[in-house]
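Structural features, examined
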Amino acid sequence: YEEIYKAFVDISRTEAFWLDLDLKDMTFKLNTYTAFNSMVISYKNFYDISILIREIIDFRSRFTATHSTGVSTAAFFLAEKYGFSSYQIEEMKIAGNLHDVGKLAVPNSILEKEGPLTRDEFTIVKQHTYHSYSIIKRIGLPIHIAEWAAFHHEKLDGNGYPFHLNESQITFGARIMAIADSFTALIEDRPYRKGMSLSQALEIIYSSVQKGLFDDKIFDMLEQNHSDIYDAVKIAQNAEYENYHYIQKNFSENNPELSLMTAISF
């Protein structure tokens, strides 16, 4: 019994273990409410669909309205610098667009909270990557796209979430996404702080690299191209913010009953 107990303690320390208990219910819901399992969609068409999904995810809050756009842009830039093929770069952009799809399960009251999150609230937030992984796998995309997208909060030392993967289990694409997500989040406004300067963001990420959390080679590439990546992210986000304001004006104000924000808020 002692060995069984120790094995249980080891496995159950990951968020994914407990969330797996609800996987059957989530699979049922996906089968019921989606038709992806019976559709064949080209990568080009799915990239266009991923943009729509990205906007459904991000447009729920003005604080996240352009986040996935920024992450996708930063990840694309880094992947291109590392010599990814055009096909892989397209996959990386799709992964960036979908990386936070699991946040649809996080209430707006948490996403827009101005003060620090409670322990229970942070537990809910941490579940989003698990749901992203499950959803992306379920819609039939290659497993590496699900990994690139959903492992952005895993850390090389094994103390990330929700799977607590270690360095040997985190692919290079997922490592790119982790730095792209962190970089984009740091330079954006949040309910509890203003967006950081480029130098501040790089300093914080470098601190994480020194602690063995992020890949040092990818950080070096970010640092070498920081101005270009920053400008590319901001240009893409500014364009996406125009789309956000258009939706807000034409749906939320003129047609409140058709409000996209209302329809997708929990």
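Report follows, based on the coordinates.

Definitions and cut-offs
Residues numbered from 1 in each chain as written. Predicted model: local features only at pLDDT ≥ 70, side-chain atom pairs only at ≥ 80, totals over all residues. Heavy atoms only, no water. Core = buried A, V, L, I, M, F, W, Y, C linked by side-chain atoms within 4.5 Å. Buried < 20%, exposed > 50% of the residue type's maximum accessible area, 1.4 Å probe, protein only. Helix = DSSP H or I, 4+ residues; strand = E, 2+ residues; numbered from the N terminus. Contact = heavy atoms within 4.5 Å. 1 Å grid on protein atoms, 1.4 Å probe; cavity = no way out; pocket = protein on both sides within 12 Å on 5 of 7 lines; lining within 4 Å. Points joined across faces, edges and corners; volume = space filled by probe spheres on them. Nonpolar A, V, L, I, M, F, W, Y, C, P; charged D, E, K, R; others polar.

**Thoughts on the nonpolar core**
Among the nonpolar cores identified, the biggest contains 53 residues, and Phe183 and Leu222 are the most heavily contacted of them. Counting residues per element, this core draws most heavily on helix H11 (residues 172-186), at eight residues. In contact with leucine 222, other than residues within four places in its own chain, are Leu78, Ile179, Phe183, Leu202, Ile205 and Ile229.

**With respect to the environment of valine 209**
Structurally, valine 209 can be placed in helix H12 (residues 198-210). Excluding its chain neighbours within four sequence positions, the residues that come into contact with valine 209 are Phe214, Asp215, Asp216 and Phe219.

**Regarding empty space enclosed by the protein**
Across all of its chains, the model carries one cavity of 30 Å³ or more by this definition. Lining the largest cavity are Phe151, Glu154, Leu156, Ile170, Ala174, Arg175, Ala178, Ile179, Leu213, Phe214 and Asp215. Residues belonging to the lining of the largest cavity are distributed by class as follows: eight nonpolar, no polar and three charged.

**Some words on unusual backbone geometry**
Among all residues except glycine, the phi angle is most often negative; among peptide bonds, the trans geometry is most common. Look at the link from tyrosine 161 to proline 162: it is a cis peptide, with omega at 5 degrees. Backbone geometry at histidine 164 places phi at a positive 55 degrees, although glycine is not the residue there. Its location among the elements puts histidine 164 in the loop between helix H10 (143-150) and H11. Relative accessible area serves as the criterion here: at 15%, histidine 164 is assigned to the buried category.

Everything listed is a geometric property; what it means functionally is a separate question.
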